[in-house]
Amino acid sequence: MSEAIPGGLDPAHTGPIRSPQSLVAGLTLVALAALALWLTRDLDQGTLRAMGPALLPDWLAVGVGLCGLVLVGSSFASDGQGLDRWSLRGPTLVLLAIVAFAVTIRPFSVGAVSTPGLGLAIAGPMAIIIGGYATSEARLRDLLILALLLTPFCMVLFGDLLNLPIPIFPQAFADLFPASWSQKQILRLTAAVLAGGGAFVFVLSPRHHAKSVDVADHSGRI
Amino acid sequence: MGDFFSNLGLGFGVALSLQNLGLAFLGCLVGTLIGVLPGVGPIATIAMLLPITFGLDPTGALIMLAGIYYGAQYGGSTTAILVNIPGEATSVVTALDGHQMARQGRAGVALGIAAIGSFFAGTVATLVIAALGKPLTGLALLFGPTEYFSLMVMGLVFAVVLAHGSILKAVAMILVGVLLSTVGTDLETGEERMTFGLPFLSDGIDFAVLAMGIFGIAEILRNLDHTETRDVVRQAIGRLLPNKDDFRQAYKPVIRGTLIGSILGILPGNGAVLGPFAAYTLEKKIAKDPRRFGRGAIEGVAGPESANNAGAQTSFIPLLTLGIPPNAVMALMVGAMTIHGIIPGPQVMTKNPTLFWGMIASMWVGNLMLLVINLPLVGLWVRLLKVPYRMLFPAILMFCCIGIYSINSLPTDVMFIAFFGLVGYALIKLGFEPAPLLLGFVLGRLMEENFRRALIISRGELTTFIDHPVSAGLLIVAAVVLLIALQPSIRKGRDEVFVED
Amino acid sequence: MKLVVPYAAGGGTDAIARLVAQGVGEKLGQSLIVENNGSAGGNVATQQAAKAEPDGYTVLMANQGPMVVNPHLFKNVKIDPLTAFDPLTLITAAPLVVVVPKNSPHKLLKELIDHAQKNPGKLTYGSAGNGSASHLATVLLAQEAKFQATHVPYRGAGPAVNDLLGGRMDFMVTTVPSILGLIQSGDVQVLAVTSKTRAKKFPEVPSVAQSGWPAYEATAWYGFVVPKGTPKDIADKIRKATVETITTGVVRERLEAEAAEPIGNSPEEFTAMMKAESARWAEIVKKASISVD
C-alpha cells in the first residue's frame, strides 16, 4: 500500500538517512536473503543439465539481497517516508486468538506440553472473545452474544451441512450422551443450547449505550 | 455446424430436466457458500460431498460438482471484494480494485459487475468448449515444460505491472514470492529446502494460508490501526447495481478478459491462474489513466473477473477431451466419473454423448443460476458491511480459522495464518505490496518445475527456450511488456518511483 | 470413526477409498469420515494414525508407499509402519501399465528396452512424482532389464501423461485409471502390465515377466490397518465389513474396471505380504541409490 498512512512520523530528515522506511525495508530484504542462503548452505547447486535443489533459491536470494541493497542505498539518496508506528494491542490479541484456536481445536503437543482437543464449541467462542479485545471498543456483552450465536451457526454449517471433518466438542462431552445418540444429534442439540444461551444474554443483560469510542490512538500504542 | 446445434440441443435436453436443473442449482448454491467462506476451498468440500453423489446418475453428479466448482469461483470474488481475502489465486487481482471500490461505498457495483461479467464470460466460454473443444486439445498438447516456463516468465512480468507503487519494491516482492514457493520438498531430488526441519513445511506453504495471512489477517491488523477508515463502509452505500456509465466503462474489459481467460484456461497444468493477472495487466496498460488502478477502477474488476470465469470454464477442455485433470478439483471430477464407471478420456464424447453435452449445456445453465443467486445477494452482502467493525472482525477471524483448519485438519496451518498476518502487517508498514508476492508465489513453483523439466528434456541446453517458437514468442512478449513497464522510471531518470501516489 | 488416507483428495484411488468408507460405514452403522493428508509422501498421515488411540475409531488406508517403501527411501520416517499397526486386510493390488505414445516405433516391450539399452540415458520417462508407484515401478524395470533412462518427475500422473501425448516423453509406467481412457481411444499403446501374469482387463497384453524379465513384479496395493493394540473384536468387525464391501456390488465393479481385483485376505496373509514387500523394496531402493530426506 503506497497510500500515505496517516499517523506515521513524517520523513525524518535528521542525519544522512533521508528515507527511514526504505532503509528498514532494504535491511529486511538483505536479512531475508541471508537467511535463505544460510538455510540452503548444505544443498547442492547442481548443473544446468541436472539442477540441484539449491540453484534457484540461491539465485533468488541474491536477487532479493540486491534489491535490498539498492533500497538501502536509496534511503541515503532520496527523500521518502518515515516509519509507521506499530501498535501492540491489535496484533498481539489477534494473533493470540488465532493461536488459541489452533491449539484447542484438536489435541496439540509441543514437546512435553499438550493441549486437550476441545473442538469448535469451545475453540470458536474463545477465538472470538480474545480476538474481539484487539480493539479498545470491545464490549464483553456484545462479544459474548456474537460468540454464542456464531459458534452454533458454524457448527451446523461446517459440521452438519458441509460435513467437514472438524472436531466439534471434546470426546468426553460426547461420552456423556447415551450411546444411541449419533454425533450429529449431539451436535444439533449443543448448537441449539449455545444459541439459546446467546439469545438469553441478548434479552436479559442490560444494553450499555456506551459513548462511541471513535478516537484513533486510544491506547495500547507504542 | 448442424452437428454443433444438434449436440447443443441434446445437451440442453439433458441439462434442462427437472432433476438436473435442481442439481445444478444445489451445486451453485453450495459453491457460492463455500466460495464466500474464507479458506474453505472447493477441494475439501467436493471431496466431502462426493459420497452424496454416489446415489445420483453420473450426469447429475457431475453437473452438481461442476456447479460447486464455478460457484466457488464466484463466491470467492465476493469475499475478495468485501473483506479483501482472496480465497483462490484467481481472485487476488479482484481484491485489488474490488476492495477499494467497496471502501468507497461501491461494493454493490463491484459485485454486480463481477457477476454480470462472469456470466458473459461463462456464456462465451461454454460456446467455445462446445464448438472448439476437440480441435483446441491439440493446442494444449503443444504446451510442454519449455513453453510453460516462458509463459510463467511472462506472468511474472505482469506482476511488476500489478504493483502501483515502487517498481523496485514490486520486483523484490515477486522474488520473495518465488523464494517462498521453493520452500518444501524439492520435487526432483526429494531434498527438503528451507523447512527448518519442520514436517508440516515439507510440502511447502499452502496458498490459502499465505493469502489469508498476508491479505486477510494483515488487513484486519491494519484496520485496527486506523479507526477513521476502518468501518469499511462508513459513508453512504451507493447504488447496489452498476448503471449505464459503469457498463460503458466495463463492457470492453469484459470482452477482452473473456478472450484472455478462455485461451489461458485451455492450457494444461492450470494455466487458468494466469488469466486474471493477464487481463488486469492489459487493462492497466491500455487505460487512459493507469493511476486509477489499485484505487477502485471498475475495469480492474470487470476484466479479471471475466477472465477468471472464462478460464474456469475452458479448463474443462483437457478433462473432457483427454481425461487429464488440469487441477485438483478436476481430479476430483475424474474420481466422480470413476465411481460411476465412466472412464475419462477422448471417448467420453462418443460413448457418453448425453453426459458430455449435458455437462457443457449445464455450464451455461449454471452460470445463469449463479447470476440469479448472486444478484439478489448483493444487497445482503453490502448490508453485511454495515456491521460495526468491532463485531465484524472477530467473526472474520473465526471463519478464517475454521476455513483454514478444514483444508488439511492441521492446527499448524492455522498458526501460520497468524504468522503470515504479522508478516503482511510488516510489509504494509514497510511500503511493500502483497499482491506481487502472491503472484510470484503462485507462478514460482510452476516456473521452477517446468524450467528444470525443460532442461532435463533438452539435456541442459538453455537455447531450448528460444528454439521452440511458442516459447520464444512468449519471451519476446515478456520483454516488451517489461520495457513498457520500466519506461516511466527510465524516462524520469530515477531509480525509485514513488509517483502514482 | 475416521479413515486416514495418506494422500490428497482427488483422483481415482481416493474416490474408491471413499466408496469403501461409505460401504463400511453403512455396515457398521456409523459414518466413516475420510481424512486426507498427502504431506511428505504420506508419512505425516501414517505417523498420525500410528499415534492415534487404538480404540477402533481410527483406520489407516495402508499404501505401498508409506508402509513399505518410504522407510527405506526417506531418512526421517520416525515409526516402523510394520510394527506400529495391526493389519486388517489387503483390499487390492493393482497392476500398472507400461505405455508409449501411439506414434512410437516400439510395438513390444522388448523393442523399447532394446532401444533403451543401446542408447543409455537417451530415453525420457515421466512419473507421477519422486518415490511414486509409477517412479518406483520404472526404477525396478530399469534394474531388471539393465538400462538407463532419464527420469522427469511431475506432480501427479496427469501432467506427465500430457507430455507423453505431446511426444516429449518416450514411455511411462503409470497406474491404470490415470491412462485408461487414452488406452481405449488408441492415443497410447500398452506394451505390458506390471503384475506377474496378464490382467483380466487387458487379456491381449503380456506382463513384463512374460516379456522376458521373469523376476519383475510391481503393483500399487492398499489395504486397511488399525493402530497397534486395537481390541481384537472391534478390529475383526471392521475387517469383516471391509471384506464384504469390497467383494460385492459397486466397489467390486469399480475395482475390476481398473484392472484391480478385490482381495480381502486375512490379517496374517497381509502381514506376511507387507514384510516381503518391505524387504524387496529395501533392496531395490539401495541398488538404485535414490533417497529422499
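Calculation notes
- Residues numbered from 1 in each chain as written.
- Chains lettered and ligands numbered in written order.
- Predicted model: local features only at pLDDT ≥ 70, side-chain atom pairs only at ≥ 80, totals over all residues.
- Helix = DSSP H or I, 4+ residues; strand = E, 2+ residues; numbered from the N terminus.
- Buried ≥ 20, exposed ≤ 12 C-beta atoms within 10 Å, placed from the backbone.
- Contact = placed C-beta atoms within 7 Å.
- Nonpolar A, V, L, I, M, F, W, Y, C, P; charged D, E, K, R; others polar.
- Domains from an automatic or database assignment.
- pLDDT = per-residue confidence, 0-100.
- Pairing = 2+ DSSP bridges.
- Expected span 1.5 Å × (residues − 1).

A.B. asks: Explain the overall build of chain B to me, and be specific about the residues and the numbers.
C.D. replies: Scanning chain B for helices and strands turns up 22 helices and two strands. Projecting the C-alpha coordinates of chain B onto the three principal axes gives extents of approximately 60 × 60 × 50 Å. Of all 501 residues assigned to chain B, the portion counted as buried reaches 68%. Nonlocal contacts in chain B, meaning residues at least 24 apart in sequence, comprise 81% of its contacts between residues at least 6 apart.

A.B. asks: Describe the interface of chain B and chain A, naming the residues involved and giving the relevant values.
C.D. replies: Of the residues lining the interface, 63 residues belong to chain B; the matching set on chain A comes to 73 residues. Elements that contribute at least two residues to the side of chain B that touches chain A include exactly α3 (42–53), α8 (167–181), α9 (207–225), α10 (227–230), α18 (389–408), α19 (411–429) and α20 (434–457) of chain B. The class makeup of the residues in the side of chain B that touches chain A is 37 nonpolar, 12 polar and 14 charged.

A.B. asks: Could you give an account of the interface of chain C and chain B, naming the residues involved and the relevant values?
C.D. replies: One widely used convention gives an interface's size as the accessible area the parts lose upon coming together. Facing the 44 residues of chain C at the interface are 43 residues of chain B. Class assignment for the residues of the side of chain C that touches chain B results in 16 nonpolar, 18 polar and 10 charged.

A.B. asks: So what's going on with the environment of Phe 224 of chain C? Residues and values would help.
C.D. replies: Mapped onto the elements of the fold, Phe 224 of chain C is located in strand β9 (residues 219–227). Taking the C-alpha atoms as reference points, Phe 224 of chain C and Ile 91 of chain C, separated by 133 residues in sequence, lie 7.2 Å from one another.

A.B. asks: Describe in detail the domain arrangement of chain C, supporting the description with residues and values.
C.D. replies: Residue and element names in this part refer to chain C. Domain parsing of chain C yields domain 1 (2–93 + 220–288) and domain 2 (94–211). On a C-alpha basis, the centroid separation for the pair domain 1 and domain 2 is 26 Å. The interface of domain 1 with domain 2 comprises 15 residues on the first partner and 16 residues on the second. Elements represented by at least two residues in the side of domain 1 that touches domain 2 include exactly α3 (64–73), β4 (85–101) and α11 (267–288). Of the residues contributing to the side of domain 1 that touches domain 2, the split by class is eight nonpolar, five polar and two charged.

A.B. asks: An account of the environment of Ala 211 of chain B is needed here, citing residue identities and associated values.
C.D. replies: Residue and element names in this part refer to chain B. Of note, Ala 211 is situated in helix α9. The class of Ala 211 is buried, set by 29 C-beta atoms lying within 10 Å. Put simply, Ala 211 and Gly 87 are 124 residues apart on the chain and 7.3 Å apart in space, counted from C-alpha to C-alpha. Filtering out sequence-adjacent residues up to four positions away, Ala 211 remains in contact with Pro 86, Val 92 and Leu 438.

A.B. asks: Can you explain the confidence of the model for chain B? Please cite residues and give values.
C.D. replies: All names here are of chain B. Averaged over all residues, the pLDDT of chain B equals 85, while 94% of them reach at least 70. When mean pLDDT is taken per element in chain B, α19 scores highest with 93 and α10 scores lowest with 54. Within the model, pLDDT remains below 50 along residues 493–501, and this stretch shows 20 contacts once partners closer than five positions in the same chain are excluded.

A.B. asks: Give me the pairing of strand β3 (residues 58–63) of chain C: which residues, what numbers.
C.D. replies: All names here are of chain C. Of all six residues making up β3, six are buried, and the element is well covered by its neighbours. The side-chain alternation of β3 yields two buried faces, one formed by Thr 58, Leu 60 and Ala 62 and the other by Val 59, Met 61 and Asn 63. Relative to β3, strand β1 (residues 2–5) runs parallel, the two being bridged by three bridges. Its bridge partner lying in β3, Leu 3 is registered against Val 59. Both β3 and β9 contribute to a ladder of four bridges, which runs antiparallel. Each residue of the ladder has a partner; that of Leu 60, found in β9, is Val 225.

A.B. asks: Pulling in residues and values, what's your account of α18 of chain B?
C.D. replies: Within an α-helix, residues lying three or four positions from one another point in the same direction, as the helix has 3.6 residues per turn. Along its 20 residues, α18 of chain B runs 29 Å from first to last C-alpha, staying within 8% of the 28 Å computed at 1.5 Å per residue. Ser 409 of chain B, located one to two residues past α18 of chain B, shows a positive phi value of around 55°.

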